[in-house]
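Observations on the three-dimensional arrangement
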Amino acid sequence: MPLDLMLFSSKLKVLLNQLLLSDTEVSDSTGIPFQRFHELVTGQAEPSGDEVLILADFFKCDYKLFISNEKITSISQTEILFRRFSSDFSKEDRMAVREVYYMAEHECFLQQLLNKTLGNRNFSQLPIGGVFKQHGIDGATSLRKHLGYTDTEISRNVFDDMRRINFHVFRRRLGNSNISGVAFKHPEAGKCILINYDQDIYRQRFTVVHEAAHAIFDLDDQNEINVSFAKWDKSDLKEVRANSFASAFLLPPQIISNQYRSIKYNDDEFVAKANQLLVNPETLSIALLKATIIDKQEQERLKHKKIPTHLKSDAELPASLSANARHRKTALLQRGLSDYYVRLCFDAYAQELVSLAKVAEMLLLSEEEINDIKFLYGVNE
Amino acid sequence: MAQVFSADLATFYKHNIIDSCSISNILSSLTLYRAAQLAQCQFYCTHYVIYECLHKRPNNISDAFQTFRQRLNKVKEHGDFQPLTISIEDLQEVEILESRKKLAKGELSSIVMAKKLGQAFMTDDQKARRLACKYMEPQKVQTTPHLFGWLIFTSALSDGDKDLIISEHNKMGRPLAKVFDTMYLKALELRLASRN
């Protein structure tokens, strides 16, 4: 099939524009001479197969995207994202989003290849009535039931909970700390959630559920992306709904009414309780205020209490890890490499379904780094 | 990485399309590389593999990796590891398209080129080797330990060279020392058997 050079060139231009890259930067990073790259971008020359592979590697996309004459791809979706929020995504953050798209596509591929998901329990909820806050509460109650939680049980690993309903979840550090999360509908992988790792772990727990609410209620064929910001518009009803969903999922009213109504506690006990519930003191203070257990003045005072970072629990970094393993796994998480995704890659490798170099590609690591990670994950030949 | 396998150490295809992992292993020991050159082995790679080895920016660049890059640039200047180019039509082949999610792009481009030229494909990733055997004649899928064993068998490498190669290989942080030891013994056994 002959390659449509103008379409190829337009895809390159879109990627350059999206990722705020110049011809010189791509030429320097890929070894494709500047003049040659310019000819490719302007549709004056046909790329070789090697150049297609190099560009696919550099731009973190499937090389089929370049050699097919299909127009609708994941890059048109990120085009919408970066156009709508152009000033919010720095050059580095745009590449981070591109990498998350790439990993989501591979996570989906590996799940199909291994016939392995965390639960394969699709969940949907239609909003009933016109009160957005109530949609959130009802949705969270249904999801908790769907996942098998009792009324007073807390979710210890919300990231895996969202994977159990077939969402692809990635925690990745973004430079813009005002972006708390992104929910998007990947054309191949389905619904995905990106959480900014820059937030503290309990905030990330809130964000993943908040983004899940957007994925459940707001993502459809017309609206494929939602970005949430730390500073948000209080009149935005979708945000109100997502927040009430997250609160009701993480701290269902029954937990508050059963365990806290008659308890009088001092500040240290309050902080310890929040930590037990894996939420920040502010979140617990709001729940207590809503349940009329404390008044506004007390809530204002309690919300500023802090849990020391080292005491917070992260299900993806269990306490059983050695200091060295924790340090290395934290570095992987910051780059979007969840334990779940890394293990999928190594499972496929163990079953001889993919090569080690392919695992390195999927994990965005070099051959040297992959050997180190193999050791960390106890992978043998 | 390559493990001990049933390669015929008495034969070795001298013209190889090689992937980045095998280039790293061959150039980890200049003693091994020079012996292969003297035995008239020729290594070619695709432009993509050159990109991986020389242009792609890893998250961390170790001293060993810098040394590897210097060595590759130098041997390229002398005409070895010359890059070859695959076409878009090569990538559009159905079986290559279907394998693109199981093999790395360097492996894929090397297999395409090896098939096209009817030459051997050299890789030290044992799973890539097994997957490659599905797409081409299995005897044309070779590894660095196979090359090493063949050079011992043909006496192109001496007993003393073996220890030097392993030491040079280890210094570069490469993982094949044990396999080289096993290949050495296999080559000696084979040489002895062929004399009887």
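Residues numbered from 1 in each chain as written. Chains lettered and ligands numbered in written order. Predicted model: local features only at pLDDT ≥ 70, side-chain atom pairs only at ≥ 80, totals over all residues. Heavy atoms only, no water.

On to the overall build of chain B. Helix and strand content of chain B: 11 helices and five strands. Taking 2.2 N^0.38 as the reference for a compact globule, 196 residues should give roughly 16 Å; the C-alpha atoms of chain B span a radius of gyration of 16 Å, in line with that estimate. Its C-alpha atoms give chain B principal-axis dimensions of roughly 50 × 40 × 25 Å. Counting all 196 residues of chain B, 56% fall into the buried class. Taking contacts inside chain B between residues at least 6 apart in sequence as the whole, the part at least 24 apart equals 71%. Carbon and sulfur atoms make up 50% of the accessible area of chain B, which amounts to about 8,400 Å² in all. (Helix = DSSP H or I, 4+ residues; strand = E, 2+ residues; numbered from the N terminus. Rg over C-alpha atoms; globule rule 2.2 N^0.38 Å. Buried < 20%, exposed > 50% of the residue type's maximum accessible area, 1.4 Å probe, protein only. Contact = heavy atoms within 4.5 Å. Areas by Shrake-Rupley, 256 points an atom, 1.4 Å probe, with all protein chains shown as cover.)

Attention shifts here to the overall build of chain A. In terms of helices and strands, chain A carries 19 helices and four strands. Scaling as 2.2 N^0.38, a compact globule of 381 residues should have a C-alpha radius of gyration of about 21 Å, and chain A matches this with 23 Å. Principal-axis analysis of the C-alpha atoms places the extent of chain A at approximately 75 × 50 × 35 Å. By residue count, 56% of the 381 residues in chain A fall in the buried class. Taken as a whole, chain A presents about 16,300 Å² of accessible surface, with 51% of it coming from carbon and sulfur.

On to unusual backbone geometry, then. Glycine aside, the phi torsion of most residues is negative, and most peptide linkages are trans. Even without being glycine, K60 of chain A reaches a positive phi, approximately 55°. Tracing the chain through its elements places K60 of chain A in the loop between α4 (49–58) and α5 (64–67). Given a relative accessible area of 15%, K60 of chain A falls into the buried group. If you check the backbone angles, S155 of chain B has positive phi at about 60° while not being a glycine. As for its position among the elements, S155 of chain B is in the loop between α9 (144–153) and α10 (159–171).

A few words on the sheet that holds strand β5 (residues 141–142) of chain B. All names here are of chain B. With respect to topology, five strands assemble into an open sheet ordered β3-β2-β1-β4-β5, the strand pairing being parallel. One side of each edge strand has no neighbouring strand; the edge strands of this open sheet are β3 (82–84) and β5. Examined bridge by bridge, strand β4 (residues 120–122) and β5 share two bridges and lie parallel to one another. The residue bridging M122 from the neighbouring strand is Q142, located in β5. (Pairing = 2+ DSSP bridges.)

What follows covers α9 of chain B. All names here are of chain B. Most of α9 is tucked away, with 10 of its 10 residues classed as buried. Among the residues of α9, those classed as buried are T144, P145, H146, L147, F148, G149, W150, L151, I152 and F153. Among the residues of α9, the N-terminal cap falls to T143, whose side-chain oxygen and the backbone nitrogen of H146 are separated by 3.1 Å. (Polar contact = N/O pair within 3.5 Å; in protein donor to acceptor, adjacent residues only side chain to side chain.)

Counting residues at the interface gives 44 residues for chain A and 44 residues for chain B. Where chain A meets chain B, there are seven salt bridges. In this structure, K56 of chain B engages D57 of chain A in a salt bridge whose closest nitrogen and oxygen atoms are separated by 3.1 Å. Scanning the region where chain A abuts chain B turns up 21 residue pairs in polar contact (both at pLDDT 80 or more). (Salt bridge = Lys/Arg side-chain N within 4 Å of Asp/Glu carboxyl O.)

Counting buried residues along strand β3 (residues 190–196) of chain A, five of its seven residues qualify, which places the element largely inside the surrounding structure. Connecting strand β2 (residues 179–186) of chain A to the antiparallel partner β3 of chain A that follows it, the hairpin turn spans three residues.

Another aspect to go through is the sheet that holds β2 of chain A. Residues and elements named next belong to chain A. In space, the four strands of this open sheet follow the order β1-β3-β2-β4, with mixed pairing throughout. Each having just a single partner strand, β1 (168–172) and β4 (225–229) make up the two edges of the open sheet. Along the sheet, successive strands turn relative to each other by an average axial angle of 15°, direction set aside. The strands touched by helix α7 (residues 91–114) within the sheet are β1, β2, β3 and β4, with β1 carrying the most contacts at an inclination of about 145°. (Axes fitted to C-alpha atoms, helices over the stretch in contact; angles between N-to-C directions.)

Attention now moves to the packing of aromatic side chains. Residue and element names in this part refer to chain B. The full count for this structure, using the stated rule, is 15 aromatic pairs over all chains. With a centroid separation of 5.6 Å and 15° between ring planes, the pair formed by F43 and F81 is classed as stacked. Residue F43 is found in strand β2 (residues 42–46), and its partner F81 is found in the loop between α4 (63–77) and β3; the two are separated by 38 residues along the sequence. Classification of F43 as buried rests on a relative accessible area of 0%. On the basis of an interplanar angle of 35° and a centroid distance of 5.9 Å, the ring pair of F65 and F68 is categorised as tilted. In this pair, F65 and F68 are both assigned in helix α4, three residues apart and thus about one turn of the helix distant. Taking the relative accessible area as the measure of exposure, F68 reaches 5% and is therefore buried. (Phe/Tyr/Trp six-rings, centres within 6.5 Å; stacked < 30°, edge-to-face > 60°.)

Looking now at the pattern of salt bridges. Residue and element names in this part refer to chain A. Taken as a whole and assessed by the stated rule, the structure comprises 34 salt bridges over all chains. Measuring nitrogen to oxygen at the nearest pair gives 2.4 Å for the salt bridge that ties E25 to K91. Of this pair, E25 sits in helix α2 (residues 23–30) while K91 sits in helix α7, placing them 66 residues apart in sequence. With relative accessibility at 28%, the residue K91 sits in the partly exposed group.

Once that is clear, we can look at the confidence of the model for chain B. Residue and element names in this part refer to chain B. In the predicted model, chain B carries a mean pLDDT of 92, and 97% of its residues have values of at least 70. Helix α6 (residues 94–99) is the least confidently modelled element of chain B, averaging 78 in pLDDT, while helix α2 (residues 30–38) averages 98, the highest of any element. Reported for the predicted complex are a pTM of 0.93 and an ipTM of 0.94. (pLDDT = per-residue confidence, 0-100.)

For the rest of this paragraph, the subject is the environment of A274 of chain A. Residues and elements named next belong to chain A. Of note, A274 is situated in helix α13 (residues 267–276). With relative accessibility at 0%, the residue A274 sits in the buried group. On a C-alpha basis, the gap between A274 and R172 in space is 25 Å, while along the polypeptide they are 102 residues apart. Aside from chain neighbours lying at most four places away, what touches A274 is V279, N280, P281, L284 and I307.

Attention now moves to the nonpolar core. Residues and elements named next belong to chain A. Grouped together as the largest cluster of nonpolar side chains are 54 residues, with contacts concentrated most on F89, V227, Y341, F346, V359 and L363. Top contributing element to this core by residue count: α7, with 11 residues. Beyond its immediate chain neighbours, meaning those up to four positions away, Y341 contacts M103, H106, E107, L110, F170, M362 and L363. Core analysis: the next-biggest nonpolar cluster, separate from the first, contains 50 residues, F245, A248, F270 and L284 among them. (Core = buried A, V, L, I, M, F, W, Y, C linked by side-chain atoms within 4.5 Å.)

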